[in-house]
Amino acid sequence: LCKDKKIRTEDWPTLLAQLGTIMKTFHSIPMISYGLLSENSISGSDFSLIQSPSTWQKYVDRLIQNRKDLVRKLNSKKTIGNISGADIKNIFSVSYKFYKQNRGVLESVKKPKLIHYDVLLSNIIVARNDYLNRCEIAAIIDNEWVSAGDPDIDLVQLENAAYFSSERETFKKYWFYFTRAYLGKNSYSRDIHEKGNIYHLMRSLFYIIAVFNLSSLENIDVKKIKKNYELVNKIIKGNKIGFSLFE
């Protein structure tokens, strides 16, 4: 989305309104249980096909446990920039305690809805509509993580993507158009900021763990790893992120 040079300033209201409408449609679809959509079933794990849990909180517990297993196998001496595998093990240990202390907020999620669960800006494809002389969203791709769960996790993933984007202030300036399309006269969840701490933590920490588990570290964005690591540190120390789309 933010790498497309065809996007002009005046395109942003339309793009964010369209994105709000798409996400609203996506999140309006009810599901029967929590987990990753896998062929004709819903799996209770993103690693293997197992029975779906009864609550969203229990599903997130499994996601965290899956990463705990991955972190345990990390090479402590492996480094990216000035961050080592040992650093990742330490920060995950503290993050795990943070999650355990704050996971209660996830009990507020009572009804599973369809979620994309990989809302990266690079997954939002923009095309030029020459007839209307504007940029429009052509597709949202990379659907391998589509799941049943809490729609707020998609919203926070989008906020996370905007936080690390060069267009952070543009998102902030024009976010009203997304909000109006997505919510209408409704409001964001009362606990979206509290859940947001967990979802930001998951997004950034899971990304770092995935990169450290790659067999080859060629073409790795070291600065991106460092920024995500710093965000995780902020959250587990109880500091505010300093950026919010859900005022």
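Before reading on, note that the structure itself is shown above.
Calculation notes
- Residues numbered from 1 in each chain as written.
- Predicted model: local features only at pLDDT ≥ 70, side-chain atom pairs only at ≥ 80, totals over all residues.
- Heavy atoms only, no water.
- Axes fitted to C-alpha atoms, helices over the stretch in contact; angles between N-to-C directions.
- Helix = DSSP H or I, 4+ residues; strand = E, 2+ residues; numbered from the N terminus.
- Left-handed = near helix turned anticlockwise from the far one by under 90°.
- Contact = heavy atoms within 4.5 Å.
- Nonpolar A, V, L, I, M, F, W, Y, C, P; charged D, E, K, R; others polar.
- Phe/Tyr/Trp six-rings, centres within 6.5 Å; stacked < 30°, edge-to-face > 60°.
- Buried < 20%, exposed > 50% of the residue type's maximum accessible area, 1.4 Å probe, protein only.
- Parallel < 35°, antiparallel > 145°, perpendicular 65-115°, else oblique.

Colleague: Please clarify how the packing of helix α4 (residues 151-163) against helix α6 (residues 192-212) should be interpreted in this entry.
Modeller: How two helices pack is summed up by the angle between their axes together with the distance between the axes. For the pair α4 and α6, the least separation of the axes is 9 Å and the interaxial angle reads 65 degrees. α4 and α6 meet at a crossing whose hand is right-handed. Taking contact as the criterion, the partners of Asp152, Ile153, Leu155, Val156, Gln157, Glu159 and Asn160 in α4 are, on α6, Ile192, Lys195, Gly196, Tyr199, His200, Met202, Arg203 and Ser204. Of the residues contributing to the contact of α4 with α6, the split by class is six nonpolar, five polar and four charged.

Colleague: Is there a simple way to explain the packing of aromatic side chains in this structure?
Modeller: What describes a pair of aromatic rings is the distance from one ring centre to the other and the angle between the planes of the rings. Tallied over the full model, the rule gives 12 aromatic pairs. Relative to tyrosine 177, the ring of phenylalanine 176 has its centre 5.4 Å away and its plane inclined at 75 degrees; by these criteria the two rings are edge-to-face. With relative accessibility at 49%, the residue phenylalanine 176 sits in the partly exposed group. An aromatic cluster is built from Trp175, Phe178, Tyr182, Tyr188 and Phe246, whose rings are joined through pairwise contacts.

Colleague: Looking at this structure, I do not really get the packing of α4 against helix α5 (residues 168-183). What am I missing?
Modeller: Contact geometry for α4 and α5: axes closest at 10 Å, N-to-C directions at 155 degrees. Judged on the interaxial angle alone, α5 and α4 are roughly antiparallel. In the crossing of α4 with α5, the sense of the turn from one axis to the other is right-handed. Residues Pro151, Leu155, Leu158, Ala162 and Tyr163 of α4 pack against Arg168, Phe171, Trp175, Phe178 and Tyr182 of α5. Here the residues of the contact of α4 with α5 are counted per class, giving nine nonpolar, no polar and one charged.

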